[in-house]
Amino acid sequence: MSIELTIKYTDAEYKAAIKEKMAVMPNKNLHTYLPSGILFIVVSALYYFNFIFSWWGIATTVILSIYAIPCLLGDFLMPSIALAFAKKKKLQDTYHFKIDQDRIERSSEKGVLTTKWEELTSVDFFPSNVFFNLPNGSMLVPNSYLSSAELEVLKSYAARTQQKN
């Protein structure tokens, strides 16, 4: 069975994809909470030793805050930031997918990308999206463009590929 799709990503679909990818990001808690913990410890130490209002105490606090606060708010900020960058190029194109048992072909105004199933590092199925992960990025297909039968076919192709690897 061959699956053919034409996709023009909406802002909501792209944001949902970013949120789903971020939810499974490795070491996410380390990158989210460690900078805030370091900020708290350093500011507490500066306050305890009464250096919090010195010029270097203020500078240290400001520099650590500039790094720690966006890390803490990353779940809320990152989808909007990614969307702003994607709107300039990626979201302007219309993508045509042709998926069969041998390969995935994606074409747009920028050209054609043909990938064999064996070249994928993984295929991730999320509630809203399917990610075809390549060594240097991902191809995304929102589930709203797929019927339940097409989704099952994709799962069987992915399972067959994982068995070979």
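This section reports on the structure supplied with the text. This is a predicted model, so every value here is computed, not measured.

## Quick notes on the packing of aromatic side chains
Given two aromatic rings, one states the distance between the centres and the angle between the planes to describe the pair. Taken as a whole, this structure holds six aromatic pairs when the rule is applied. Arranged with centres 5.8 Å apart and planes meeting at 80°, the rings of Trp-117 and Phe-132 form a pair that is edge-to-face. One end of the pair, Trp-117, is in the loop between β4 (111–116) and β5 (122–125); the other, Phe-132, is in strand β6 (residues 129–134), with 15 residues separating them in the sequence. Taking the relative accessible area as the measure of exposure, Trp-117 reaches 0% and is therefore buried. Judged by its relative accessible area of 0%, Phe-132 falls in the buried class. Every member of this aromatic cluster is reached through a ring pair, and the members are Trp-117, Phe-132 and Tyr-157. Seen from the ring of Phe-131, Lys-21 lies directly overhead, with NZ or CZ sitting 4.7 Å from the centre. A cation over a ring is seen here: Lys-155 above Phe-125, with NZ or CZ 5.8 Å from the ring centre.

## Describing the nonpolar core
Core analysis: the largest hydrophobic core is formed by 33 residues, its most contacted members being Phe-97, Ile-99, Ile-104, Trp-117, Phe-132 and Leu-146. Among the elements that line this core, the one with the most residues is helix α5 (residues 148–164), at five residues.

## Quick look at the sheet that holds strand β1 (residues 3–7)
Judged by pairing direction, the sheet is antiparallel, and its four strands sit side by side in the order β1-β2-β3-β4 without closing on themselves. Only two strands of the sheet have a single partner each, and these edge strands are β1 and β4. Across this sheet, the average inter-strand angle for adjacent strands is 15°, counted without regard to direction. The pairing of strand β3 (residues 103–108) with β4 spans six bridges and is classified as antiparallel. Bridge pairing in β4 links Arg-103 to Lys-116.

## Concerning helix α4 (residues 74–88)
When the terminal C-alpha atoms of α4 are compared, their 21 Å separation across 15 residues agrees well with the 21 Å that a helix rising 1.5 Å per residue should span. Gly-74, Pro-79, Ala-82, Leu-83 and Ala-86 are the residues of α4 that are buried. Projection of α4 onto a plane perpendicular to its axis shows the buried side chains occupying an angular sector of 155°, all on one side. Opposite its buried face, α4 presents the exposed residues Phe-76, Phe-85 and Lys-88, each directed more than 90 degrees away. Here the buried face of α4 lies against α1 (11–23) and α3 (55–72).

What counts, and where the lines are drawn
Residues numbered from 1 in each chain as written. Predicted model: local features only at pLDDT ≥ 70, side-chain atom pairs only at ≥ 80, totals over all residues. Heavy atoms only, no water. Phe/Tyr/Trp six-rings, centres within 6.5 Å; stacked < 30°, edge-to-face > 60°. Helix = DSSP H or I, 4+ residues; strand = E, 2+ residues; numbered from the N terminus. Buried < 20%, exposed > 50% of the residue type's maximum accessible area, 1.4 Å probe, protein only. Lys NZ or Arg CZ within 6 Å of the ring centre and 35° of its normal. Core = buried A, V, L, I, M, F, W, Y, C linked by side-chain atoms within 4.5 Å. Pairing = 2+ DSSP bridges. Axes fitted to C-alpha atoms, helices over the stretch in contact; angles between N-to-C directions. Expected span 1.5 Å × (residues − 1). Arc of directions from axis to C-beta. Contact = heavy atoms within 4.5 Å.

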